[in-house]
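# Understanding the architecture of this molecule
Take a look at the letters that make up each chain.
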Amino acid sequence: MHSFKDLNIAKPLLNALEDLGFTEPTPIQESAFPVVLSGKNVVGVSQTGTGKTLAYMLPILQDLKFTKEKNPTVLIIVPTRELVIQVVDQINAYSKYKTVSAIGVYGGTNINTQGLAVKQGMDILVGTPGRLYDLVLARAVVLKNIKKLVIDEVDVMLDLGFIFQLNNIFELLPEKRQNIMFSATMTEEVDALIKAFFYSPVQLSIAISGKRLENIEQVSYAAPNFHTKANLLAHLLKTDSDMMKVLVFAPSKRIADRLFERFEEDFGRDMTIIHSNKSQNARIAAVESFDDGTHRILIATDVIARGLDFDHITHVINFDTPIFPENYMHRIGRSGRAEQKGTSILFFSEKEVEAKIAIELLMNYEIPAQEIPAGVKISRELIPEEQTKAVEILAAHRRPNDDTSGPAFHEKSAKNSKVNLGSRYHREIKTKFKKPLTRGDKNQNKKRK
């Protein structure tokens, strides 16, 4: 393993890294630095937690030249608001001893305020696809000077349906630019995007999805339902002193809220929550309070927590078993970042056994199972999402013992089956003045009388 000094990084950047306590690059950082610095198109596939942001930001900041131009020269697109804020903060930290300006734009806040901010000028623009495209349409953002385009967590962006905005942003960018893309998974949609817009990219694959991270200890518990899982989690949080910083993944916003309400009395002061229904201020506050240690427990959904860089997460709790095995890899990558030690705990019900097996097949590793501790109550109570919905075979208005079928709704009664002949007046007029056989042939009409 080389040190950052071996990469010939500029002194201002090296000083900033030393301030942050970074001494050795991760494999993706070491591989990406010379390639990105060369100006070639780059596609990096690397698991969450391997340092992708620093991998592309270091060479970009190294190559960034001072300019009086107000329009950005570097565009970084990420899928969520939280990632925008995080990437801007990281840029400011890495460029502490350089003159670099970075601005982040995202939805959920006043677009006019952001439009005024970007018009002041910046070197690096970071944004979500939707808000970026809106600002371009409003002519607040000009992309004609972009020399480097970075798309981070592109697989998440495509999952969220941002392909329309991405395609339109690509069309507005200069053809002569460097394209840098990082993803945790290589899907068919990602591959199609690369073929459409990336010319001869250098591909870097480090710890590709499915490779078990050796520094993360994994265990699992078989728990039949929500309440048993909640009882088990409460027991672990109370009895395991090593759980200093715990990220709990919930399968949906509703389950996340339900879990938060369940734990609020016992862990209210130690716990916070984040998902897409929360206000922007609440989401930012949740991220900051968990990151700085004010709250030791964060309940989150997959989309929100994807890509966020939290320091020293000791445990990742999978309250559910993800349907897609790759999502499990992203989740556990929140712990054990930059080769630190971490622990992942998976809860699975009988219905989730198949999903657990799919995860184990992807990793080629069987997650060790542990018995539920004796003090944990096994509940039989089911929440509405777990209950089997009864299907009514008989219509509500049908008498159960009435086997005789009445007339179909389209069968007319005797009264209604009569042909409408019109009024008596019209019938008499029609009889007296018969319709001509041919138009204008009066002789033919006389023969009828």
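Residues numbered from 1 in each chain as written. Predicted model: local features only at pLDDT ≥ 70, side-chain atom pairs only at ≥ 80, totals over all residues. Heavy atoms only, no water.

## Side note on the packing of aromatic side chains
Cut-off, in case you're wondering: For Phe, Tyr and Trp, rings pair up if their centres lie within 6.5 Å, where Trp contributes its six-membered ring, and each pair is then called stacked (planes under 30 degrees apart), edge-to-face (over 60) or tilted (otherwise). By definition, any uninterrupted DSSP run of H or I lasting at least four residues is a helix, any uninterrupted run of E lasting at least two residues is a strand, and each is numbered from the N terminus. Note on exposure labels: buried denotes an accessible area under 20% of the residue type's maximum, exposed denotes more than 50%, and partly exposed covers the range between, all computed with a 1.4 Å probe on protein chains only. Only when the NZ of Lys or the CZ of Arg is both within 6 Å of the ring centre and within 35 degrees of the ring normal is a charge said to sit over the ring.
By the definition in use, this model includes eight aromatic pairs. Ring centres of Phe263 and Phe267 lie 5.5 Å apart, and the angle between their planes is 65°; this geometry places the pair in the edge-to-face category. Here the residue Phe263 and the residue Phe267 both occupy positions in helix H11 (residues 253-267), the gap between them amounting to four residues, near one helical turn. By the burial criterion, Phe263 is buried, and Phe267 matches it. One aromatic cluster is present, built from ring pairs that chain together Tyr221, Phe226, Phe319 and Phe347. Directly above the ring of Phe348 sits Lys356, whose terminal nitrogen or CZ lies 5.1 Å from the centroid.

## Examining the packing of helix H6 (residues 129-137) against helix H8 (residues 163-172)
Two numbers describe a pair of packed helices, the interaxial angle and the distance between the axes. For the record, the criterion: Whenever a helix is involved, its axis is fitted only over the stretch in contact; in every case the axis is a line through C-alpha atoms, and angles between N-to-C directions fall within 0 to 180 degrees. To sort the angles, those under 35 degrees are grouped as roughly parallel, those over 145 as roughly antiparallel, those from 65 to 115 as roughly perpendicular, and the leftovers as oblique. Handedness of a crossing is defined here by the sense of rotation of the near helix relative to the far one, left-handed for an anticlockwise turn of less than a right angle and right-handed for a clockwise turn. Contacts are assigned to residue pairs that have any heavy atoms within 4.5 Å of one another.
Where H6 contacts H8, the two axes come as close as 9 Å, and the packing angle between them is 45°. If you check the angle between H6 and H8, you find them oblique. Here the hand of the crossing between H6 and H8 comes out left-handed. Along its contact with H6, which presents Pro129, Gly130, Leu132, Tyr133 and Val136, the element H8 presents Phe164, Gln165, Leu166, Asn168, Ile169 and Leu172.

## Thoughts on the environment of Phe198
Within the element layout of this structure, Phe198 appears in the loop between helix H9 (188-197) and strand S7 (202-206). Look at Phe198 and you get buried, because its relative accessible area is 6%. Among residues more than four places away in sequence, those in contact with Phe198 are Asn41, Val42, Val43, Ile151, Asn179, Ile180, Met181 and Leu193.

## A closer look at the sheet that holds strand S6 (residues 178-183)
Heads up, the rule is: Following DSSP output, two strands are said to pair if at least two bridges run between them.
Taken in spatial order, the seven strands line up as S3-S4-S2-S5-S6-S1-S7 in an open sheet, and their pairing is parallel. In the strand order of this sheet, the two ends are held by strand S3 (102-105) and S7, each with one partner. Here the strands of the sheet are splayed against their neighbours by 15° on average, with no regard to which way each runs.

## Observations concerning the pattern of salt bridges
Going by this rule: Put simply, a salt bridge is a Lys or Arg side-chain nitrogen that is within 4 Å of an Asp or Glu carboxyl oxygen.
Per the stated rule, a full pass over the model turns up 16 salt bridges. Notably, a salt bridge pairs Asp63 with Lys148, separated by 3.5 Å at the nearest N-O pair. Taken together, the residues Asp63 in helix H3 (residues 52-63) and Lys148 in strand S5 (residues 148-152) connect sequence positions 85 residues apart. What makes Lys148 buried here is its relative accessible area of 11%. Its salt-bridge partner being Lys356, residue Glu360 comes within 2.6 Å of it at the nearest N-O pair. Linking Glu360 with Lys356, this pair stays in helix H15 (residues 353-363), spanning four residues, or about one helical turn.

## Section: the sheet that holds strand S9 (residues 246-250)
One open sheet accounts for seven strands, arranged S10-S11-S9-S12-S13-S8-S14; its pairing is parallel. In this open sheet, the two edge strands, each paired with only one partner strand, are strand S10 (271-274) and strand S14 (369-370). Where S10 lies against strand S11 (residues 297-301), four bridges are found, and the strand directions are parallel. By the bridge assignment, Met271 is partnered in S11 with Ile297.

## Observations concerning the pairing of S9
In the case of a regular strand, side chains alternate between the two sheet surfaces. Of all five residues making up S9, five are buried, and the element is well covered by its neighbours. Because side chains alternate across S9, one face comprises the buried residues Val246, Val248 and Ala250, and the other comprises Leu247 and Phe249, equally buried. Two elements, S9 and S11, share five bridges in a ladder whose sense is parallel. When the sheet's bridge partners are listed, Val246 is paired in S11 with Ile297. In this sheet, strand S12 (residues 315-318) lies alongside S9 in parallel orientation, the contact comprising four bridges. When the bridges of S12 are listed, Val248 appears paired with Ile317.

## Section: a nonpolar patch on the surface
Let me state the cut-off plainly: Here, patches come from residues exposed beyond 30% relative accessible area and free of salt bridges, joined within 9 Å for like charges and within 5 Å for nonpolar side chains (Val, Leu, Ile, Met, Phe, Trp, Tyr). What sets the accessible areas is the Shrake-Rupley method with a 1.4 Å probe; for residues, cover comes only from the shown protein chains.
Residues Val353, Ile357 and Leu361 make up a contiguous nonpolar surface patch of about 280 Å² in total accessible area. Relative to the helices and strands, Val353 is located in helix H15. Val353 gets classed as partly exposed once you look at its relative accessible area, which sits at 33%.

## Observations concerning the pairing of S12
Burial along S12 is two-sided: the face carrying His315 and Ile317 and the face carrying Val316 and Asn318 are both buried. Pairing between S12 and strand S13 (residues 342-348): four bridges, direction parallel. Each residue of the ladder has a partner; that of Val316, found in S13, is Ser344.

## Notes on the nonpolar core
Most often, soluble globular proteins keep nonpolar side chains buried together rather than apart. What counts here: Nonpolar core, defined: a set of buried Ala, Val, Leu, Ile, Met, Phe, Trp, Tyr and Cys residues in which side-chain atoms within 4.5 Å join the residues together.
If you look at the biggest cluster of nonpolar residues, it comprises 51 residues, and the most contacted ones within it are Tyr56, Met57, Leu61, Ile76, Ile91, Ile124 and Val126. Here the element with the most residues in this core is H3; it accounts for seven residues. Once residues within four sequence positions are removed from consideration, Tyr56 is found in contact with Val36, Ile76, Val87, Val150, Asp152, Ile180 and Phe182. Counting residues in hydrophobic clusters, the runner-up holds 31 residues, among them Val43, Val136, Met157 and Leu166.

## Topic: the environment of Asp309
You can see Asp309 is positioned in the loop between helix H13 (302-305) and S12. Sequence spacing of Asp309 and Glu82 is 227 residues, and the spatial spacing of their C-alpha atoms is 10.0 Å.

## So, unusual backbone geometry
Residues other than glycine seldom take positive phi values, yet Glu153 does so here, at roughly 55°. Take Glu153: it is sitting in the loop between S5 and helix H7 (154-159). Taking the relative accessible area as the measure of exposure, Glu153 reaches 3% and is therefore buried. Positive phi, normally seen in glycine, also occurs at Ser200, with a value near 45°. With respect to the secondary-structure elements, Ser200 resides in the loop between H9 and S7.

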